[in-house]
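# Understanding the architecture of this molecule
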Amino acid sequence: MESIRSIIQKNIQLRQKDGRTFTLLAVCPNSESVLAAAVKAAAKRNSIMLFAATLNQVDLDGGYTGWTPQTFIQKIGEHAGKYGCTTSLYPCLDHGGPWLKDKDTLARLSFEQTIQNVKNSIEACIKAGYQLLHIDPTVDRNLPSGETIPIEWVVERTVDLIAYAEMVRQGLHLPEISYEVGTEEVLGGMVDLANFDQFIQLLKVRLLERNLSHIWPCFFVAQVGTDLHTTDFDPAAANQIYTRLYPTGALAKGHYTDWVSNPAEYPISGMGGANVGPEFTSEEFDALLELEGLEKSQIMQAKHLEPSHMTDRLTNAVIGSQRWQKWLLEEEKSLDFHALSPERKMWLLKTGARYCWTDPQVIEGRQILFQNLSHSIPDPNEYVRSG
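Residues numbered from 1 in each chain as written. Predicted model: local features only at pLDDT ≥ 70, side-chain atom pairs only at ≥ 80, totals over all residues. Heavy atoms only, no water.

## Considerations on the packing of aromatic side chains
The tally for this structure, following the rule as stated, stands at 10 aromatic pairs. Measuring from centroid to centroid gives 6.0 Å for Trp 99 and Phe 111, while their planes differ by 45°, and the two rings are tilted. With Trp 99 in the loop between β3 (89-96) and α4 (102-106) and Phe 111 in helix α5 (residues 111-128), the pair connects residues that are 12 residues apart, well separated along the chain. The exposure class assigned to Trp 99 is buried, which follows from its relative accessible area of 2%. An angle of 80° between the planes, with centres 6.0 Å apart, marks the rings of Phe 199 and Phe 220 as edge-to-face. In this pair, Phe 199 sits in helix α7 (residues 193-209) while Phe 220 sits in strand β6 (residues 219-221), placing the two residues 21 residues apart along the sequence. Of the residues examined, Phe 199 reaches a relative accessible area of 0% and is grouped as buried. Look at Phe 220 and you get buried, because its relative accessible area is 1%. (Phe/Tyr/Trp six-rings, centres within 6.5 Å; stacked < 30°, edge-to-face > 60°. Helix = DSSP H or I, 4+ residues; strand = E, 2+ residues; numbered from the N terminus. Buried < 20%, exposed > 50% of the residue type's maximum accessible area, 1.4 Å probe, protein only.)

## Observations concerning the pattern of salt bridges
Going through the model one piece at a time under the given rule, you end up with 24 salt bridges. Connected through salt bridges with shared partners, the residues Asp 59, Asp 61, Lys 101 and Lys 103 form a single ionic network. (Salt bridge = Lys/Arg side-chain N within 4 Å of Asp/Glu carboxyl O.)

## Focus: the packing of α5 against helix α6 (residues 151-171)
Here α5 crosses α6 at 40°, and the two axes come no closer than 10 Å. One way to sum up the angle between α5 and α6 is to call them oblique. The handedness of the crossing between α5 and α6 is right-handed. When α5 is examined against α6, the residues Phe 111, Ile 115, Val 118, Lys 119, Ile 122, Glu 123 and Ile 126 are found in contact with a partner set consisting of Arg 157, Leu 161, Tyr 164, Ala 165, Val 168 and Arg 169. Tallied by class, the residues present in the contact of α5 with α6 amount to 9 nonpolar, no polar and 4 charged. (Axes fitted to C-alpha atoms, helices over the stretch in contact; angles between N-to-C directions. Parallel < 35°, antiparallel > 145°, perpendicular 65-115°, else oblique. Left-handed = near helix turned anticlockwise from the far one by under 90°. Contact = heavy atoms within 4.5 Å. Nonpolar A, V, L, I, M, F, W, Y, C, P; charged D, E, K, R; others polar.)

## Observations concerning the side chain of Asp 136
With respect to the helices and strands, the residue Asp 136 is situated in the loop between β4 (132-135) and α6. Despite being buried, Asp 136 has no salt bridge partner; Arg 141 is the closest side chain of opposite charge, sitting 9.8 Å away. A distance of 2.6 Å separates polar atoms of two side chains, one belonging to Asp 136 and the other to His 95. Apart from residues no more than four positions distant in its own chain, Asp 136 is found in contact with His 95, Gly 96, Gly 97, Pro 98, Leu 100, Gly 182 and Thr 183. (Lys, Arg positive; Asp, Glu negative; His and termini not counted. Polar contact = N/O pair within 3.5 Å; in protein donor to acceptor, adjacent residues only side chain to side chain.)

## Remarks on the pairing of β4
Going residue by residue along β4, you find Leu 132 and His 134 tucked away on one face and Leu 133 and Ile 135 tucked away on the opposite face as well. Judged from the 3 bridges that link them, β3 and β4 form a sheet pairing that is parallel. Paired with Gly 96 across the strands is Ile 135, a residue of β4. Relative to strand β5 (residues 178-181), β4 runs parallel, the two being bridged by 4 bridges. Following the sheet pairing, His 134 is matched in β5 by Glu 180. (Pairing = 2+ DSSP bridges.)

Below is the structure:
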């Protein structure tokens, strides 16, 4: 399997030679259906695919998907076999850094505790066969609320984690893996181009001092106009990032590509990669609601069928998880879920559904829904994955 770093270097060479370029898609595997649909798409297009799994999704404790790094890779292989995918599928770690796993924040772990958890997770990812690690120590819960972490801290912790990962990899006698660094978040300190430049220069210096200058990241995460609530990609900003990175052998990666209004501008602007996550959960949510609508019409005709109550089950699971509170706007934080506007409630349900696909009541509801529709839709599960 060709390394992602090598693919990025070829991308840069193509663009410099004759203007051809491409952007690698990284799917956040927030459910079995999303993972399967992505593998199916890769097979259909005969394309490589990246899978960017956060520590909330996939980790030693199973995350909210129920997958460890090892079982995650097994799942990729199972779906590749099912859909006849023969292209390279790259398992990747997304946002590997202290306090970026919700459990660590809720437990109020110290820096020493959370960084050890990150190292344990990185080791598990490398042993399982991950091909890209996003090293992201841009959060520090010890700082006062709203305070930006110093760039020097980010660089030092980035290099420490890369050094640890390389020690593990070399100890296992494994081939090279690729790295991604940085963040698009304001509190990560790199939104300003001057700070971004400082990060690049300091990273070069510290890697050299640690005899790791050969381990240069293939991706730098950058702010290119989009976030969780905005979908307008900024080609001019992306191009400024590109001109800074390509001489070093790296490219930018966008982390908020969900519902982006101008995706065709990504490769034109030199973006090397793009993560998509919540949008796919929303699509899965919508597909299940559509099937529930068909189910209701069938139940009216065949009154012996037990309704799945899919929407109710998902709503109860999301509210009960409390994970929806993570995405509240500042002015909403004092409100109960039911006091929010219908639009915001629906957005929070669709965003929060990814945390609840493995909830027993949701699994049961899906099974009932699919069984009720099995006579009219040959494979309701595949219908969701094809949506």
